[in-house]
Amino acid sequence: MAFVLNVPETPEDQGSQEPSPYDESEVHHSFHQLIQEQSQLAAEEGLELQTRGSGAGALGASGGDHQAFLEPKGAAVHSSATLRILASMPSRTIGRSRGAIISQYYNRSVRLRRRASRPQLRVLGRSARPSLRLYDLELDSMTLEEEEKRVLLVKELQGLTVAQQDHMLQGMPLSLAEKHCLREEARTPRGKQGPGRPGFLSCCSRLRYACVLALHNLGLRLLSGLHALAPWHYALKRIGGQFGSSVLSYFLFLKTLLAFNALLLLPLLAFIVGPQAAFPPARQGSVPTFTGLELLMGGGRFTDTVMYYGYYSNATLNQPCAGPLHGSQCAPAAASLPYNMPLAYLFTVGAAFFITCITLVYSMSHSFGESYRVGSTLGAHAITVFCSWDHKVTQKRASRLQHDNIRTQLKELLAEWQLQRSPRSACGRLRQVALLGLVWLLCLGTTLGCTVAVYAFSEFLIKSPMSADQEGLLLALPLVVCLLNLGAPYLYRGLAALERHDSPVLEVYVAICRNLILKMVILGILCYHWLGRRVDALEHKCWENFVGQELYRLMVMDFIFTLLDTLFGELVWRLISEKKLKRGKPEFDIARNVLELIHGQTLTWLGVLFAPLLPAMQILKLLLLFYVKKTSLMANCQAPRRPWRASHMSTVFISLLCFPSFLGAAIFLCYAVWQVKPSSLCGPFRTLDTMYEAGKVWVRHLERAGPGVSWLPWIHRYLVENTFPIYLVSALLLAVIYLNIQVVKGQRKVISLLKEQISNEGEDKIFLINKLHSVYERKERSRVGRTQEAVTPPADHRDAQ
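Residues numbered from 1 in each chain as written. Predicted model: local features only at pLDDT ≥ 70, side-chain atom pairs only at ≥ 80, totals over all residues. Heavy atoms only, no water.

A. The arrangement of the overall build of the protein chain in detail. Within the protein chain, the secondary structure is distributed over 27 helices and four strands. Within the protein chain, buried positions represent 38% of all 801 residues. Sequence-distant contacts in the protein chain: of pairs separated by 6 or more residues, those separated by 24 or more amount to 79%. A total accessible area of about 45,400 Å² is found for the protein chain, and carbon and sulfur atoms account for 63% of it. (Helix = DSSP H or I, 4+ residues; strand = E, 2+ residues; numbered from the N terminus. Buried < 20%, exposed > 50% of the residue type's maximum accessible area, 1.4 Å probe, protein only. Contact = heavy atoms within 4.5 Å. Areas by Shrake-Rupley, 256 points an atom, 1.4 Å probe, with all protein chains shown as cover.)

Below, the structure is given as structure tokens:
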């Protein structure tokens, strides 16, 4: 449907001519033409643009048949003249007026044809919706009729190359049938070829463009196929559409952990596990047989494999070891390419942790930028209603999924809006604070009891040595820890039911905080048990293998308890909730499940130094856990009864993974590398006082190697051992963080100023429309007056007759 400005012509207008479409310098924006024309008419008639208030008052007093003006702070009814002007504005006509679109692209084709050199296809910008800032637009349909514009556009298209024709037609917001007709009309017949454009060249250009288009379509299909092959693409969409963004955040976090473990495993396989597997050390004694208990216990046949620290050699690989140099390492042969296994072990674990740290910080900053965007979210409801539907979706299953997703988003937005409009009273807040304090005391008391139980049981195991026939008792400590980690969150959940939080988001955050305190304190007790007590108790044994096996058993027991709780616990709770309590299916416990993921990942980071293949186990665990949790979610859980939008949930999960989990694991490993004496019977650091001394030994070898590598000892001495560069880097990092904070504050200030400027621009446009309205009505009244004077005979003439 086309909106046409139908302004009655005056005698002055009949003699004026419109600028020729062939003269590009005379083509202007229609709104600018209207303003300039009306200003000239107002000047000719002796009218002055008065102030806003006086103009409105004068016009209001001139007659009661005129409509009220549009004020910026009040909605008023527009007159027919104002509506005609508004209908002809560029923002009202682009995308609706077919003649305006054709006229615009005619002007564009004129500019393309008159260029001195034709641009290549790669130089042209990507076609988009027409923009008033880039192209001139002629909207006056009285100048050229639509068919004339079409003919002129076809003529100009014929002067372009085939590639430019197709590129321009793709950007036109017209129907496919109209584009096809324009393309057919623009194709020059064979009999009317110019002398410089033989038919053979035209066919070659068409063939070349067809090949380019085919390759482009093939690339788009490959990209869409790769996007569809992303891990759990459809499953995540289904979960988000059926259960909302809160439950979806758990599965997205699981997917993120899978990527972290894959990134951690790659350097370990390439520089530690792979070289040692290629050059295995000589076996000592007989090889134990595989009984199957190794999958649960972690010992037995697995002890003498690349799974654990004790298997790795302290010799230089790919050469025979005649005798250790100063009791530490083998002397490298002259013609070989030595591979220092202790140095590779230490640097690879450090580099893997450094890469993980950088990835975590980047992920946290990226998630922070996505979740806490600068700006207002006041229009989120309208955007969700009017702009969320993807019109490219044609399949019934995909449309149903998108429908569920939009419905869930609207529920979350409305629930958040309703929560903000219903605050509690002062007495209700005091009662809530007192209840929160009581529940927190009970939860902290439970955490303290669990911590004391783990510490007492670990001390009991140290004081009661077990024989070789009692290997099953090694599962006692992991069993107790997993039982406490499973039972305490249910107790916290029961106490949380007494609090009755208004916000579901706050309820989840409080549950996460309580579970996090419990798991981190228990892990702290275990770290003290391993590095503080077990090292002394296993002085003449390979204590590193024992710590690696303990972490392996903890991971296996944690996975088993998670499966049992998911397959049976959630099923039993669903039956109780449906049959006895008559509440329907229970909700998915986000806090407990997320803390289980963080706990498992912390165990993986703690055990990388003692069991380099633990990330591979964690990857298998996460893969199985995704499908188990997804199946249980669909069968045993329902969407949250109080929908809430998890806009910041991913940022909170990544932050918890970074600071309590990764930071604690890094401190644990740094203490093991710098302070704890390695075992003298196994591992790549068996003859050193600390693991860190492997780097010092390497530096001493480099100093004796010659001046060619003298810069490496200098780097180690002044950049690694010296503390000043560390302080300098820390100061620079803090300075960068401070500058980023200031930049964000500046962006907020600029955005507020731009919002104020947009508001002022809107008022200016309303003022301009009012003035144009007054000028047009004054012109209309003068035209009607002149018409009446021309029709009515003079009074003296009637008297004479």
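B. Fine view of the layout of surface pockets. By volume, the largest pocket is sized at about 2,200 Å³. Along the walls of the largest pocket sit 50 residues, with Phe353, Phe354, Cys357, Ile358 and Phe662 positioned nearest its centre. At the level of secondary structure, the elements contributing two or more residues to the lining of the largest pocket comprise helix H14 (341-371), helix H23 (649-674), helix H24 (693-705), helix H25 (711-720) and helix H26 (724-791). Considering each element in turn, the lining of the largest pocket owes the most residues, 13 residues, to H14. (1 Å grid on protein atoms, 1.4 Å probe; cavity = no way out; pocket = protein on both sides within 12 Å on 5 of 7 lines; lining within 4 Å. Points joined across faces, edges and corners; volume = space filled by probe spheres on them.)

C. Seen up close, the state of the cysteines. Counted under the stated rule, the structure contains one disulfide. Between the sulfur atoms of cysteine 542 and its disulfide partner cysteine 682 the distance amounts to 1.8 Å. Across the disulfide from cysteine 542 to cysteine 682, rotation about the S-S bond amounts to roughly 85 degrees, and the bridge is consequently right-handed. Placement of cysteine 542 in the loop between helix H19 (504-537) and helix H20 (543-580) and of cysteine 682 in the loop between H23 and H24 is noted, with a sequence separation of 140 residues between them. (Disulfide = S-S within 2.5 Å.)

D. Spotlight on the packing of H19 against H23. With their axes 12 Å apart at the nearest point, H19 and H23 run at an angle of 10 degrees to one another. Overall, the two elements H19 and H23 adopt an arrangement that is roughly parallel. For the pair H19 and H23, the contacting residues are Val508, Tyr509, Ile512, Leu516, Met520, Cys527, Trp530 and Leu531 in the first and Met649, Val652, Phe653, Leu656, Pro660, Phe668, Tyr671 and Ala672 in the second. Of the residues in the contact of H19 with H23, the class split is 16 nonpolar, no polar and no charged. (Axes fitted to C-alpha atoms, helices over the stretch in contact; angles between N-to-C directions. Parallel < 35°, antiparallel > 145°, perpendicular 65-115°, else oblique. Nonpolar A, V, L, I, M, F, W, Y, C, P; charged D, E, K, R; others polar.)

E. Seen up close, the pattern of salt bridges. Taken as a whole and judged by the stated rule, the model has 12 salt bridges. Arginine 592 is paired through a salt bridge with aspartate 565; the nearest N and O atoms lie 2.4 Å apart. Taken together, the residues arginine 592 in helix H21 (residues 590-606) and aspartate 565 in helix H20 connect sequence positions 27 residues apart. Pair check on accessibility: arginine 592 and aspartate 565 agree, each one buried. A salt bridge links glutamate 578 to arginine 574, with the shortest nitrogen-to-oxygen separation between them at 3.9 Å. Taken as a pair, glutamate 578 and arginine 574 lie in helix H20 at a separation of four residues, close to a single helical turn. Given a relative accessible area of 17%, arginine 574 falls into the buried group. Sharing partners across several salt bridges, the network here consists of Arg493, Asp565, Asp589, Arg592 and Glu596. (Salt bridge = Lys/Arg side-chain N within 4 Å of Asp/Glu carboxyl O.)

F. Expanded view of the packing of aromatic side chains. Tallying each qualifying case throughout the model produces 21 aromatic pairs. Considering the side-chain rings of tryptophan 232 and phenylalanine 626, the 3.8 Å spacing of their centres and the 10 degrees angle between planes classify their relative orientation as stacked. Remark: phenylalanine 626 occurs in helix H22 (residues 614-636) and tryptophan 232 occurs in the loop between helix H10 (199-228) and helix H11 (233-243); sequence separation between them is 394 residues. Given a relative accessible area of 11%, tryptophan 232 falls into the buried group. Among the residues examined, phenylalanine 626 registers a relative accessible area of 0% and is labelled buried. (Phe/Tyr/Trp six-rings, centres within 6.5 Å; stacked < 30°, edge-to-face > 60°.)

G. Main features of H19. Compared with an ideal rise of 1.5 Å per residue, which puts 34 residues at 50 Å, H19 spans 48 Å between its outermost C-alpha atoms and is within 8% of the ideal. The largest bend in H19 amounts to roughly 30 degrees and is located at histidine 529. (Expected span 1.5 Å × (residues − 1). Bend = angle between axes of the 7 residues up to and from the residue.)

H. Region of interest: the environment of isoleucine 590. Looking at where isoleucine 590 falls in the secondary structure, it is placed in helix H21. Separated by 82 residues in the primary sequence, isoleucine 590 and valine 508 place their C-alpha atoms 7.1 Å from one another.

I. Summary view of the nonpolar core. Core analysis: the largest hydrophobic core is formed by 112 residues, its most contacted members being Phe253, Tyr345, Leu526 and Leu609. Of the residues forming this core, the biggest block, 14 residues, is contributed by helix H12 (residues 245-278). Setting aside anything within four residues of it in sequence, one finds tyrosine 345 in contact with Ile272, Tyr309, Tyr312, Val608, Leu609, Phe610, Pro612, Pro684 and Phe685. (Core = buried A, V, L, I, M, F, W, Y, C linked by side-chain atoms within 4.5 Å.)

J. Summary view of the environment of methionine 649. Looking at the element boundaries, methionine 649 is found in helix H23. On the basis of relative accessibility, which here comes to 0%, the residue methionine 649 falls in the buried class. Methionine 649 sits 399 residues away from tyrosine 250 along the chain, and the two C-alpha atoms are 8.8 Å apart.

K. The confidence of the model for the protein chain, seen in detail. Mean pLDDT over the protein chain works out to 76, with 72% of the residues at or above the 70 mark. Below pLDDT 50 for its whole length, residues 116-144 participates in 66 contacts with residues either more than four positions away or in separate chains. Note that pLDDT drops below 50 for residues 190-201; the model gives that stretch five contacts with residues more than four away or on any other chain. (pLDDT = per-residue confidence, 0-100.)

L. Looking closely at the environment of glutamate 471. One can find glutamate 471 in the loop between helix H17 (426-463) and helix H18 (476-499). By relative accessible area, glutamate 471 is classed as partly exposed at 47%. Taking C-alpha positions, glutamate 471 is 8.3 Å from methionine 297, a pair spaced 174 residues apart along the chain.

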